[in-house]
Amino acid sequence: MRKMLICISSLALVSVPAAAFAQSAGGMAMPAPNVQPMTGTSSQNYVAWAADSDMYEMQSSKLALAKAKNKATKDFAREMIADHMKTTRALMAALPKTEPRIAKPGKMLSEPNAAKIAALKDAPADSFDALYMQQQAEAHKTAYALHKGYAMDGQDPALRQVATSAVPIIEKHMAHLQGIPGAM
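Residues numbered from 1 in each chain as written. Predicted model: local features only at pLDDT ≥ 70, side-chain atom pairs only at ≥ 80, totals over all residues. Heavy atoms only, no water.

(A) Just the layout of surface pockets, in detail. Of the pockets and cavities examined, the second largest pocket occupies roughly 190 Å³. Forming the walls of the second largest pocket are A51, D54, M55, M58, T88, M92, K104, P105, G106 and K107. When residues of the lining of the second largest pocket are traced back to their parent elements, those giving at least two are helix 2 (43–67) and helix 3 (71–94). Top contributing element to the lining of the second largest pocket by residue count: helix 2, with four residues. Partitioned by chemical class, the residues of the lining of the second largest pocket number five nonpolar, two polar and three charged. (1 Å grid on protein atoms, 1.4 Å probe; cavity = no way out; pocket = protein on both sides within 12 Å on 5 of 7 lines; lining within 4 Å. Points joined across faces, edges and corners; volume = space filled by probe spheres on them. Helix = DSSP H or I, 4+ residues; strand = E, 2+ residues; numbered from the N terminus. Nonpolar A, V, L, I, M, F, W, Y, C, P; charged D, E, K, R; others polar.)

This is how it looks when you write it as structure tokens:
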């Protein structure tokens with residue numbers, strides 16, 4: 001599983017030209033992220049990776065509320081906690097509808113995401129904000145690739161709906177990151 005998560009991170013960092021435009025949650029057109037959707041993901045892997053992504057977002061953002069110096073960083077962290085709680089609830093609500101049934105994922109972070117949390121905990125106060133924002137930019141590219149890919153070709157209809165509704169949330173987060181100096 002660790003190799004697969006590393007593969008996801010690597011794939012998400014590969015940029016491709018994006019001429020298409022996406023609809024943001026507010027209805028305003030914005031350029032689609034320059035991230036290749038990761039297609040061909042099994043439903044089981046989609047659930048595990050989406051849950052891991054949400055857990056990382058919430059844990060890292062709780063650290064940001066405690067350690068960040070910049071108001072914009074703390075505001076972003078609050079948005080991450082609220083939005084990723086919603087995406088987690090949507091994912092968990094879809095699990096009983098999956099066919100075949102997919103069990104709830106574990107509550108432990110993957111090794112790569114646990115290492116990111118450890119780095120944030122160890123970060124000196126004067127560099128915490130920059131590290132948090134850099135990690136957020138990377139994590140959202142990975143999440144976009146996962147959710148967009150599953151929304152395109154996922155096998156389970158309930159999970160495909162979860163992925164489809166997560167994409168504009170992630171796009172909103174990526175747009176927000178672009179508006180914070182030093183984030184992207």
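(B) Layout of the packing of aromatic side chains. Applying the stated criterion to the full structure yields three aromatic pairs. Relative to Y150, the ring of Y46 lies with its centre 4.4 Å away and its plane at 20°, an arrangement referred to as stacked. Here Y46, found in helix 2, pairs with Y150, found in helix 5 (residues 125–153); they are 104 residues apart in sequence, far enough to count as distant. Y150 matches Y46 in its accessibility class, with the two residues each being buried. Measuring from ring centre to ring centre gives 6.4 Å for F76 and Y132, while their planes differ by 70°; the resulting arrangement is edge-to-face. (Phe/Tyr/Trp six-rings, centres within 6.5 Å; stacked < 30°, edge-to-face > 60°. Buried < 20%, exposed > 50% of the residue type's maximum accessible area, 1.4 Å probe, protein only.)

(C) Structural detail: the pattern of salt bridges. Enumeration over the complete set of coordinates arrives at five salt bridges. Close ionic contact of D75 with R78 constitutes a salt bridge, the shortest N to O distance being 3.1 Å. Here the residue D75 and the residue R78 both occupy positions in helix 3, the gap between them amounting to three residues, near one helical turn. Looking at D75, the relative accessible area reads 31%, which means it is partly exposed. The class for R78 is partly exposed, based on a relative accessible area of 46%. (Salt bridge = Lys/Arg side-chain N within 4 Å of Asp/Glu carboxyl O.)

(D) Quick look at the side chain of T73. Within the secondary structure, T73 is located in helix 3. On the basis of relative accessible area, T73 is assigned to the buried category, the value being 1%. With near-sequence residues (within four places) excluded, T73 lies in contact with A68, D129, Y132 and M133. (Contact = heavy atoms within 4.5 Å.)

(E) A look at empty space enclosed by the protein. Under the counting rule described, the total for this entry stands at two cavities of 30 Å³ or more. Computed from the structure, the second largest cavity encloses a volume of approximately 40 Å³. Forming the boundary of the second largest cavity are S53, D54, H84, T87, H147, A166 and I170. For the lining of the second largest cavity, the elements supplying multiple residues, two or more each, are helix 2, helix 3 and helix 6 (157–178). Residues that form the lining of the second largest cavity fall into these classes: two nonpolar, four polar and one charged.

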